[in-house]
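Read off the chains here:
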Amino acid sequence: MVIEDYILKVCNTNPNQELIRYKNKTITYKEFNYIINSYSLILNSLNYKIERALIDINNPVLMIGALCACNRSQIIPSIMPSSQYQIPNIDYMKLSQSEFLLNDNCTIQENNLDLDSISYNANDVQCVIFSSGTEGNPKAIELTFRNIYSSSKSWNSVMNFKKNNTYLNILPIHHISGLSIFFRSIFFNMIHIIDDYKKNMSQLLKSKTVNYISIVPKIIADAMSSERLLLLLQNIDTIIIGGDKITSSIFDFCKENNLNVFVSYGMSETSSGISGYFIKDTENYVNGYIGKAFKDNIVKIDRGKISIISKSVMKGYVASSPNKNQFNSSDMGIEKNGKFIFTSRASDIIVSGGENINLKIMSDLIIEKINYNELYVVGYKDCKWGEIPVLIYKTNPNITVDKITKVCEDLFPKYMIPKHYISINKIPYKGKVIDKKLITYYIKESLK
């Protein structure tokens, strides 16, 4: 089985059709193909064959252009959120943004198109992305053309995408949540809008042309106190929520304000969502309900954990044995009255604003950096973020809040930095493990 090059397919029929809208600038299929060709020239200029390329690019348009160039050159692209995610013992050629000059207005030169037909083997790896670290350190995930194409088709069976529909993407492209939107757009001839809704709220409200948006639950929580954000969401045909469980207050808010919200469940290892439900079609809130499995997907409970059988399931982690269309997740779940309920993630994992955070890894890194082991990062419930990381440490005159804060800011991305730092006289234990109930009490008392 082969999958054709969808960029060239449209370039041959309608090269001036809009593909991407970035910073209010239209990028056509022809112009995007120029970006691909530019990176292809770099890849093909080498006098030796490389197997993998490391894409170290912040500009989202250039990032996906470089990814497509790798696909055409039969080179496996790895999208790296930061240098700390590099895969050991694997050699890469590095593609950087400096190798392609694109100004803020996305002005792209005219070029002579090379429109030879290109097809891909569906079992080849289309890209390598990184998990959020729900089972320890982030893992490098290999997704094939079949995985991503199958996922897009499953989404279409629920959403019924149409040509020239617009899909607003406010999620990071290096995550499957953002990258999958690009692939859905090219497979179904949609316009992929990459924008910052906070900076361009007025422009987005004025246009009233957005059909789809994918968000995390926190954005709905923000809309509860922002009339302008609520108005923007009301102007969007379909809102897809993923990344974490929703609360009953979010469920009720969406119903009360006539927001057409689809709650999805999935993960990087399954090429994005594999199940979900529309809030408008659901009478009562059920905590952790993951909805019905998409077409050609099977969800089941295996030894208390959620297991997925689907063509969307990754080829495997880099340097591991391939999967056979089945992924046994670390998410705990139950089946109740014919409904699958997600109950909790693996121990030491919280989800904050849609981002998975491994609290044990955070604690270990901080302890190593400051050489002080009387501290822990714990999760604490928060109505806006879902959960937040809070750092608890034993009072010590040599360990100051400023010192710990500086270490955390140097070590972690913004979403992982603890929201509160709390000093206590003694770290409480229950047996050999930390007493989380008592810790929660200390946090409550401290935040009063």
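For the structure itself, look to the data block above.
Everything quoted here is computed from the prediction, not taken from an experiment. (Residues numbered from 1 in each chain as written. Predicted model: local features only at pLDDT ≥ 70, side-chain atom pairs only at ≥ 80, totals over all residues. Heavy atoms only, no water.)

Observations concerning the overall build of the protein chain
Okay, so step 1: For the protein chain, the helix and strand inventory stands at 12 helices and 28 strands.
Okay, so step 2: Considering the protein chain as a whole, with its 448 residues, one finds that 54% of them fall into the buried category.
Okay, so step 3: Put simply, of all contacts in the protein chain between residues at least 6 apart along the chain, 66% involve residues at least 24 apart. (Helix = DSSP H or I, 4+ residues; strand = E, 2+ residues; numbered from the N terminus. Buried < 20%, exposed > 50% of the residue type's maximum accessible area, 1.4 Å probe, protein only. Contact = heavy atoms within 4.5 Å.)

Section: the pattern of salt bridges
Okay, so step 1: Enumeration according to the criterion identifies 9 salt bridges in this entry.
Okay, so step 2: Across the pair Arg21 and Glu18 runs a salt bridge, and its minimum N-O distance is 2.7 Å.
Okay, so step 3: By relative accessible area, Glu18 is classed as buried at 17%.
Okay, so step 4: The partner of Arg52 in a salt bridge is Glu51, and the shortest N-O contact between them spans 3.9 Å.
Okay, so step 5: Classification of Arg52 by relative accessible area gives buried; the value is 9%.
Okay, so step 6: Taken together, the salt bridges that share partners define one network made up of Glu51, Arg52 and Glu142. (Salt bridge = Lys/Arg side-chain N within 4 Å of Asp/Glu carboxyl O.)

Quick notes on the environment of Gln326
Okay, so step 1: As for its placement among the helices and strands, Gln326 is situated in strand 20 (residues 326–336).
Okay, so step 2: In sequence terms Gln326 and Ser307 are 19 residues apart; their C-alpha atoms lie 7.2 Å from each other.
Okay, so step 3: Among the polar contacts listed, one links the side chain of Gln326 to the side chain of Ser307, at a separation of 3.1 Å.
Okay, so step 4: Within the structure, Gln326 has its side chain in polar contact with the side chain of Asn328 (distance 3.3 Å). (Polar contact = N/O pair within 3.5 Å; in protein donor to acceptor, adjacent residues only side chain to side chain.)

Looking at helix 5 (residues 176–187)
Okay, so step 1: The end-to-end C-alpha separation of helix 5 is 16 Å, in line with the 16 Å expected for 12 residues at 1.5 Å each.
Okay, so step 2: Counted residue by residue, helix 5 has 11 buried out of 12 residues, so it is predominantly covered.
Okay, so step 3: Listed in full, the buried residues belonging to helix 5 are Ile176, Gly178, Leu179, Ser180, Ile181, Phe182, Phe183, Arg184, Ser185, Ile186 and Phe187.
Okay, so step 4: Directly after helix 5, the chain includes Asn189, whose backbone phi takes a positive value near 55°. (Expected span 1.5 Å × (residues − 1).)

Brief notes about the packing of helix 4 (residues 145–159) against helix 5
Okay, so step 1: For the pair helix 4 and helix 5, interaxial distance at closest approach is 10 Å and the crossing angle is 75°. In terms of orientation, helix 4 and helix 5 fall into the roughly perpendicular class. Contacts from Ile148, Tyr149, Ser152 and Trp155 in helix 4 reach Phe183, Arg184 and Phe187 in helix 5.
Okay, so step 2: Classifying every residue of the contact of helix 4 with helix 5 gives 5 nonpolar, 1 polar and 1 charged. (Axes fitted to C-alpha atoms, helices over the stretch in contact; angles between N-to-C directions. Parallel < 35°, antiparallel > 145°, perpendicular 65-115°, else oblique. Nonpolar A, V, L, I, M, F, W, Y, C, P; charged D, E, K, R; others polar.)

Details of the nonpolar core
Okay, so step 1: Counting 70 residues, the largest nonpolar core has Ile20, Phe32 and Leu179 as the members making the most contacts within it.
Okay, so step 2: Broken down by element, this core gets its largest block of residues, 9 residues, from helix 3 (residues 60–72).
Okay, so step 3: If near-sequence neighbours (up to four positions away) are discounted, Leu179 is found in contact with Ile64, Leu67, Ile79, Cys127, Ile129, Pro172 and Ile173.
Okay, so step 4: With 33 residues, the next largest nonpolar core counts Ile241, Ile250, Leu259 and Tyr289 among its residues. (Core = buried A, V, L, I, M, F, W, Y, C linked by side-chain atoms within 4.5 Å.)

Some words on the packing of aromatic side chains
Okay, so step 1: The tally for this structure, following the rule as stated, stands at 18 aromatic pairs.
Okay, so step 2: Between Trp155 and Phe262 the ring centres are 5.9 Å apart and the planes differ by 65°, which places this aromatic pair in the edge-to-face class. Of the two residues, Trp155 is situated in helix 4 and Phe262 in strand 14 (residues 261–267); the sequence distance between them amounts to 107 residues. Both residues of the pair, Trp155 and Phe262, count as buried.
Okay, so step 3: Site record: aromatic cluster; members linked through ring pairs are Tyr6, Phe32, Tyr149, Phe182, Phe183 and Phe187.
Okay, so step 4: The aromatic ring of Trp155 is capped on one face by Arg184, whose charged end is 4.4 Å from the ring centroid.
Okay, so step 5: The positively charged end of Lys339 is found above the aromatic ring belonging to Tyr289, 4.8 Å away from the centroid. (Phe/Tyr/Trp six-rings, centres within 6.5 Å; stacked < 30°, edge-to-face > 60°. Lys NZ or Arg CZ within 6 Å of the ring centre and 35° of its normal.)

Here's the deal with the sheet that holds strand 21 (residues 339–344)
Okay, so step 1: If you walk across this open sheet you meet the 4 strands as 17-18-20-21, and the pairing is antiparallel. Because the sheet does not close on itself, it has two edges, and the strands there are strand 17 (297–302) and strand 21. Going from strand to strand, the sheet's axes swing by 50° on average, the running direction of each strand aside.
Okay, so step 2: Of the strand pairs in this sheet, strand 20 and strand 21 are connected by 5 bridges, and their pairing is antiparallel. Directly across from Ile334, in strand 21, lies its bridge partner Ile341. (Pairing = 2+ DSSP bridges.)

A closer look at helix 11 (residues 401–411)
Okay, so step 1: Taken residue by residue, helix 11 has Ile404, Thr405, Val407 and Cys408 as its buried positions. In a view along the axis of helix 11, the buried residues occupy a sector of 160°, so they form one face of it. What points out from helix 11, more than 90 degrees from its buried face, is the exposed set Asp402 and Asp410.
Okay, so step 2: Summarising the contacts, the buried residues of helix 11 are in contact with helix 10 (359–370), strand 25 (386–394) and strand 26 (420–424). (Arc of directions from axis to C-beta.)

Some words on unusual backbone geometry
Okay, so step 1: Its identity as a non-glycine residue notwithstanding, Asn24 has a phi of 65°, on the positive side.
Okay, so step 2: Tracing the sequence through the fold places Asn24 in the loop between strand 2 (18–22) and strand 3 (25–28).
Okay, so step 3: Given the relative accessible area of 47%, Asn24 is considered partly exposed.

Observations concerning the sheet that holds strand 15 (residues 272–278)
Okay, so step 1: The 9 strands are arranged 3-2-11-10-12-13-14-15-16 in an open sheet whose pairing can be described as mixed. Each edge of the sheet is formed by a strand with only one pairing partner; in this case those strands are strand 3 and strand 16 (292–293).
Okay, so step 2: The pairing of strand 13 (residues 238–241) with strand 14 spans 3 bridges and is classified as parallel. Bridge pairing in strand 14 places Ile240 opposite Phe262.
Okay, so step 3: Running over the sheet, helix 3 touches strand 2, strand 3 and strand 11 (191–194) and is turned about 140° from strand 2.

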